[in-house]
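Secondary and tertiary structure notes
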Amino acid sequence: MPFRKELDRVYTEAIKSACDKAGFTAVRADDLIGPYNIHRDIIEYIFDSSAIIADLTDSNPNVFYELGVAHAIANKTIMILQEGLKPPFDIHNYRCISYELSETGLTALARRLAEYLQHLEEWSRRPTNPVQEFKRPDHFAAPEEVKKLRRALQQKEAQLRTSVPKAELEKLQQEHQALQHKLSNQAQTMVAKTDWEALQKQLQAKAAEHAALEKENARLRAMAQPKPEVRPSAKEKVKHLRSKPSQLSLDEVKTMLANRGFYDNRWNENGKGVAHEYETKTINGDKVVLDHVTGLMWQQGGSSEYLPFASAEKYLREVNQRGMAGFTDWRLPTLEEAMSLMEREKRNDDLHIAPEFDRTQRWIWTADTVKGSASSCWVVDFYGGHCSSPRVDDTSCVRLVR
């Protein structure tokens, strides 16, 4: 983090507090005592620490250099940034905790950091930065371990070449075939059957030895290569959400928010939201966002204008007639599905939604109506961080899902 007095509170009141709560020990460069090489110690701590917290406030060049080192090493970096500032383009698609430099803001930051640290093992399995997401599978392996495995592999390959040369194996096979032919034809020069049986046993033993060495060779080759990250299957991670429209009372909405853990700053301010795994794609010229956690495909944008509910339904029909992204089953989301997009923090400038989505759609219609009212529908407000139930002649944007 930058070293200036105004930011000391971020370290003492938020970062250290969060680390203590989560069972970690916070270390900053100025905590170290002694005539050491500070640059060496910083890099050494980046390698050895279980997690790295980087404050991107002020766009400090030293911070970004060390952030790059941390990103190259592993998925263990948590980025934070003072509210009102934007992260650089290279990392703007990755989660960055926004905080206010106030007592309440630092308390909220400490709570969020502690939550991240307590779930470090879970989120660090997936790429959290562009280096880890796009690195080649044969890069960044532990050098000493790879050297050790390669030495063992070379030894086994040498043993394979010297113990059972391929030419010798082929020669034995040819002799075996020749003897079989002589026996079957009862040639006058036929060797004794006992000689043939002895040769056959010798061949089988050599073949078994060869196969065992080949198997060991393959095992060592596999170990010498870093294992690619394996995504959980859709069955393991999909969080099923209600897709059929419904009539919902306020009490039913509050119960749904609590049961699902969705964040709403009026009715469920302790909600953590969903740990999404988004993937953006362009299909037939249309931009979509895949959510591998809920199994849903969303419009990356949506309607460019605010529409009354009747016009929102017209917009839906036109999108399906056109076959956006090659599909004709787009629909208005349920309140449950739309609230799954709500983020606790303002991650997309001033919106409580991930930066993968377009910012135009600050409020979106859902397919759910208000129980007992024929003139009101549920709407999700990403600017205010909550849901509400305006009249159908009011206006909101549309973001479709399938």
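The preceding data block contains the structure.
A brief report on the enclosed structure follows. Please read these numbers as outputs of a predicted model, since none were measured by experiment.

**Here we look at the overall build of the chain**
Tallying secondary structure elements over the chain gives 13 helices and 10 strands in all. The long-range share in the chain, meaning contacts at least 24 apart out of those at least 6 apart in sequence, stands at 66%. Surface exposure of the chain reaches about 22,600 Å², of which carbon and sulfur atoms provide 50%.

**Re the environment of M79**
Here M79 lies in strand β2 (residues 77-82). Remark: the alpha-carbon pair of M79 and T57, spanning 22 residues in sequence, is separated by 9.9 Å.

**Focus: the sheet that holds strand β5 (residues 278-283)**
Spatially, β5-β6-β7 is the arrangement adopted by the three strands of the open sheet, whose pairing is antiparallel. Both edges of this open sheet fall to β5 and β7 (296-299), since each of them pairs with a single strand only. Direction aside, the axes of adjacent strands within the sheet are offset by 30° on average. Across four bridges, the pairing between strand β6 (residues 286-291) and β7 is antiparallel. The partner of L290 across the bridge, within β7, is M297.

**A short note on the packing of aromatic side chains**
Inspection of every chain in the model, using the stated rule, returns six aromatic pairs. Relative to W365, the ring of F309 lies with its centre 5.3 Å away and its plane at 75°, an arrangement referred to as edge-to-face. Placement of F309 in helix α12 (residues 309-322) and of W365 in strand β8 (residues 363-370) is noted, with a sequence separation of 56 residues between them. Assigned by exposure class, F309 and W365 land together as buried. Counting every residue linked through ring pairs, the aromatic cluster contains Y306, W363 and Y383. It is K346 that lies over the ring of Y383; its NZ or CZ is 5.8 Å from the centre. The lysine or arginine in question, R402, covers the ring of F327, its NZ or CZ lying 3.6 Å from the ring centre.

**Details of the nonpolar core**
Counting 29 residues, the largest nonpolar core has L335, M339, F357, V380 and F382 as its most contacted members. Broken down by secondary-structure element, the contributors of at least two residues to this core are α11 (250-260), β7, α13 (335-339), β8 and β9 (377-381). I15, C19, Y99 and Y116 belong to the second-largest nonpolar core, a separate cluster that totals 24 residues.

**With respect to the pattern of salt bridges**
Inspection of every chain in the model, using the stated rule, returns 18 salt bridges. A salt bridge links E343 to R95; the shortest N-O distance between them is 3.0 Å. Residue E343 is located in the loop between α13 and β8, and its partner R95 is located in the loop between β2 and β3 (96-99); the two are separated by 248 residues in the primary sequence. Under the relative-accessibility criterion, E343 is labelled buried at 3%. For R242, the salt bridge identified is with E336, shortest N-O distance 4.0 Å. With R242 in the loop between α10 (234-237) and β4 (247-248) and E336 in helix α13, this residue pair connects regions lying 94 residues apart in the sequence. In this structure, a network of salt bridges that share partners links the residues R242, R260, E336 and D368.

**Remarks on the environment of V401**
Relative to the elements of secondary structure, V401 occurs in the segment after β10 (386-388). Considering only alpha carbons, one finds V401 and G302, 99 residues apart in sequence, at a separation of 9.9 Å. Once residues lying within four places of it in the same chain are set aside, the contact partners of V401 are L296, M297, W298, D329, W330, R331, L332, P333 and E337.

**Details of the sheet that holds β9**
The four strands are arranged β4-β8-β9-β10 in an open sheet whose pairing can be described as mixed. Single-partner strands in this sheet number two, and they are β4 and β10. In this structure, β9 lies alongside β10, joined through three bridges in antiparallel fashion. Looking at β10, one finds that D381 is bridged to H386.

**Observations concerning the packing of helix α2 (residues 38-48) against helix α3 (residues 61-73)**
Two elements in contact, α2 and α3, have axes whose closest approach is 9 Å; the angle formed by their N-to-C orientations is 35°. Between α2 and α3 lies a crossing of right-handed hand. From α2, I42, I43, I46 and F47 reach across to α3, where they touch Y65, E66, V69, A70 and I73. Looking at the contact of α2 with α3 residue by residue, the classes come out as eight nonpolar, no polar and one charged.

**Here we look at the pairing of β3**
Of the two faces of β3, the one lined by C96 and S98 and the one lined by I97 and Y99 are each fully buried. Alignment of β2 against β3, held across four bridges, turns out to be parallel. By the bridge assignment, L81 is partnered in β3 with S98.

**Section: the environment of P333**
Examined against the element boundaries, P333 turns out to sit in the loop between α12 and α13. Residue classification places P333 among the buried residues on the basis of a relative accessible area of 0%. In the structure, P333 is positioned 65 residues away from V398 in sequence and 9.3 Å away in space, judged by C-alpha atoms. Beyond its immediate stretch of four places on either side in the chain, P333 contacts W298, A338, W365, T366, A367, R399 and V401.

Calculation rules
Residues numbered from 1 in each chain as written. Predicted model: local features only at pLDDT ≥ 70, side-chain atom pairs only at ≥ 80, totals over all residues. Heavy atoms only, no water. Helix = DSSP H or I, 4+ residues; strand = E, 2+ residues; numbered from the N terminus. Contact = heavy atoms within 4.5 Å. Areas by Shrake-Rupley, 256 points an atom, 1.4 Å probe, with all protein chains shown as cover. Pairing = 2+ DSSP bridges. Axes fitted to C-alpha atoms, helices over the stretch in contact; angles between N-to-C directions. Phe/Tyr/Trp six-rings, centres within 6.5 Å; stacked < 30°, edge-to-face > 60°. Buried < 20%, exposed > 50% of the residue type's maximum accessible area, 1.4 Å probe, protein only. Lys NZ or Arg CZ within 6 Å of the ring centre and 35° of its normal. Core = buried A, V, L, I, M, F, W, Y, C linked by side-chain atoms within 4.5 Å. Salt bridge = Lys/Arg side-chain N within 4 Å of Asp/Glu carboxyl O. Left-handed = near helix turned anticlockwise from the far one by under 90°. Nonpolar A, V, L, I, M, F, W, Y, C, P; charged D, E, K, R; others polar.

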